[in-house]
Amino acid sequence: MHELSLCCSIYDIVGRALALRPGHSVEAVNLQVGQLRQVVPESLEFCWGMVTQDSPLAGSRLVIDQVPVVLDCLSCGESTTAADVFMLTCGSCGGGTITVRTGEEFMVTSLDVVADDVVAPSERS
Amino acid sequence: MGRFHRHDDLSGYATGPDRVIVLERIFGENDRAAAANRRALDEHGIRCVNLMSSPGAGKTTLLVHTLRELASRNIRVGVVEGDIETSIDADRLTGLGAQVVLLNTGAGFGGECHLDAPMVARALGQLDLAGLDLVLVENVGNLVCPAEFDVGAHDSVMVYAITEGEEKPLKYPVMFRSVSVVLINKMDLLPHLDFDLDLFRHNVAQVNPHARLIELSARTGDGLAAWHDWLAPGPGGVRGPPGRG
């Protein structure tokens, strides 16, 4: 539900990173999103289009890498991938004393940029 | 021609897309603002508790009782009241001895679904922090978004009405994981419902085994003492950050 404000944050992060690369345009924004994050990818992509329209980032894509939930059990020491995000119990011994190793990521990892003066392949004879 | 190449090898072009490493957390800016809120509160020896729930779980009714009780214990309270558009809830809380600041979130597209740290920073700026012991943030009624945004509170508490059923901890695990206390409200309705309290407790434990559960009824007042003692244990004392002797 808060994808629009998240896209505004992503826009600011991308804008700052792009300022260090003058003369480039962004093709893709690569994100890491843990499965414990309550982010709906389709909604995020839709809002990205709204936030970037008529801006220097118009036409750029969000590429979302979903990170599974991996739990470390403090009882038996095993690391297991959670079968679903609703049962945050150890997949090995069933214990509930766990820490979340992965699954809470929410990060702009990188940008794919192209130099503005490179002629697009389709425009070359 | 005939040269072996990959489909994406645009021969003659020195560069395809160039990858720029960023590695920046999307909540980073909010989290920095939240840390600044916590520092400002700590400097004044103020404890801050973030209250979250579904719409209609009883946050505002509970706060009416809580503000009266805390006033009688001589605890000076500020309330940050998040509401999408109206001042209805804030109006109910005025005149009870607390400083109340209303934060309408309706400036976004159709209203933000949560309070974030910069919004709460603006509200804290309108409170006289030197005259407060405790700040209660009443977040926007919503089980999804508020759990994602650190507002700078020291503790988060959820108000849960037993009319919501037993399964919500499994549907909204992020919210239930983010709180230290779950107030099980509307317990006076238990005889009239099929609500299975043991199953609800089990479901909460599945996602957050450390959560403290307090059964109460904001309508009848049953169980409120345990909640108020958790908020402010001891005569005139507020459990909370360091700085107050």
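Details of the structure are given in the entry above.
Since the model is a prediction, treat every value here as computed from it, not as a measurement.

Basis of the calculations
Residues numbered from 1 in each chain as written. Chains lettered and ligands numbered in written order. Predicted model: local features only at pLDDT ≥ 70, side-chain atom pairs only at ≥ 80, totals over all residues. Heavy atoms only, no water. Contact = heavy atoms within 4.5 Å. Buried area = accessible area lost by both parts, 1.4 Å probe. Salt bridge = Lys/Arg side-chain N within 4 Å of Asp/Glu carboxyl O. Polar contact = N/O pair within 3.5 Å; in protein donor to acceptor, adjacent residues only side chain to side chain. Helix = DSSP H or I, 4+ residues; strand = E, 2+ residues; numbered from the N terminus. Nonpolar A, V, L, I, M, F, W, Y, C, P; charged D, E, K, R; others polar. Pairing = 2+ DSSP bridges. Core = buried A, V, L, I, M, F, W, Y, C linked by side-chain atoms within 4.5 Å. Buried < 20%, exposed > 50% of the residue type's maximum accessible area, 1.4 Å probe, protein only. Axes fitted to C-alpha atoms, helices over the stretch in contact; angles between N-to-C directions. Parallel < 35°, antiparallel > 145°, perpendicular 65-115°, else oblique. Left-handed = near helix turned anticlockwise from the far one by under 90°.

1. Thoughts on the interface of chain B and chain A
Between chain B and chain A, the residue contacts involve 36 residues of the former and 40 residues of the latter. Of the roughly 3,400 Å² buried at the junction of chain B and chain A (both faces included), carbon and sulfur atoms supply 60%. Joining chain B to chain A, the criterion identifies six salt bridges. The salt bridge partner of arginine 37 of chain A is glutamate 148 of chain B, with a shortest N-O separation of 2.4 Å. If you look at where chain B meets chain A, you find 14 residue pairs in polar contact (both at pLDDT 80 or more). Of all the elements, strand E1 (residues 18-25) of chain B adds the most residues to the side of chain B that touches chain A, at eight residues. Counted by class, the side of chain B that touches chain A contains 21 nonpolar, six polar and nine charged residues. As paired strands, strand E6 (residues 106-115) of chain A and E1 of chain B are joined by six bridges and run antiparallel to one another. Within E1 of chain B, the residue paired with leucine 111 of chain A across the bridge is valine 20 of chain B.

2. Comments concerning the nonpolar core
Grouped together as the largest cluster of nonpolar side chains are 29 residues, with contacts concentrated most on Val77, Leu183 and Trp227 of chain B. At the level of secondary structure, the elements contributing two or more residues to this core comprise strand E2 (47-53), helix H2 (59-72), strand E3 (77-83), strand E5 (134-138), strand E6 (155-161), strand E7 (181-185) and helix H8 (224-231) of chain B. At five residues, the largest contribution of residues to this core is made by H2 of chain B. Judged by nonpolar contacts, the second largest core, of 28 residues, contains Val26, Leu62, Leu111 and Val113 of chain A.

3. A look at helix H7 (residues 197-207) of chain B
Residue and element names in this part refer to chain B. Along H7, the residues that are buried comprise Leu197, Phe200, Asn203, Val204, Gln206 and Val207. On the buried face of H7, the contacting elements are E6, helix H5 (168-171), helix H6 (173-177), E7 and strand E8 (212-215). You can read the cap of H7 off the contacts: a side-chain oxygen lies 3.1 Å from the backbone nitrogen of aspartate 198, and it is on aspartate 196.

4. Re the sheet that holds E8 of chain B
Residues and elements named next belong to chain B. Strand order across the open sheet formed by seven strands is E4-E3-E5-E2-E6-E7-E8, with parallel pairing between neighbours. Strands at the two margins of the open sheet, each flanked by one partner only, are strand E4 (99-104) and E8. Adjacent strand axes in the sheet meet at a mean angle of 20 degrees when their direction is disregarded.

5. A look at the packing of helix H1 (residues 28-43) of chain B against helix H4 (residues 117-125) of chain B
Residues and elements named next belong to chain B. At a minimum axis separation of 8 Å, H1 and H4 run at an interaxial angle of 30 degrees. Of the possible angle classes, the one that applies to H1 and H4 is roughly parallel. Regarding H1 and H4, the two cross each other, and that crossing is left-handed. Residues Asn30, Ala33, Ala34, Asn37 and Leu41 of H1 lie in contact with H4, whose contacting residues are Ala117, Pro118, Val120, Ala121 and Leu124.

6. Quick look at the environment of serine 178 of chain B
Residue and element names in this part refer to chain B. With respect to the helices and strands, serine 178 occurs in the loop between H6 and E7. Excluding residues that lie within four positions of it along the chain, serine 178 makes contacts with Met52, Ala147 and Ser156. In terms of polar contacts, serine 178 uses its side chain to reach the backbone carbonyl oxygen of methionine 175, at 2.8 Å.

7. Considerations on the environment of asparagine 50 of chain B
All names here are of chain B. By secondary structure assignment, the location of asparagine 50 is in strand E2. You can call asparagine 50 buried: its relative accessible area is 3%. Along the chain, asparagine 50 and serine 156 lie 106 residues apart, while their C-alpha atoms are 4.6 Å from each other. If we ignore the near neighbours within four places in the chain, the residues touching asparagine 50 are Val137, Asn139, Val151, Ala153, Asp155, Ser156 and Val157.

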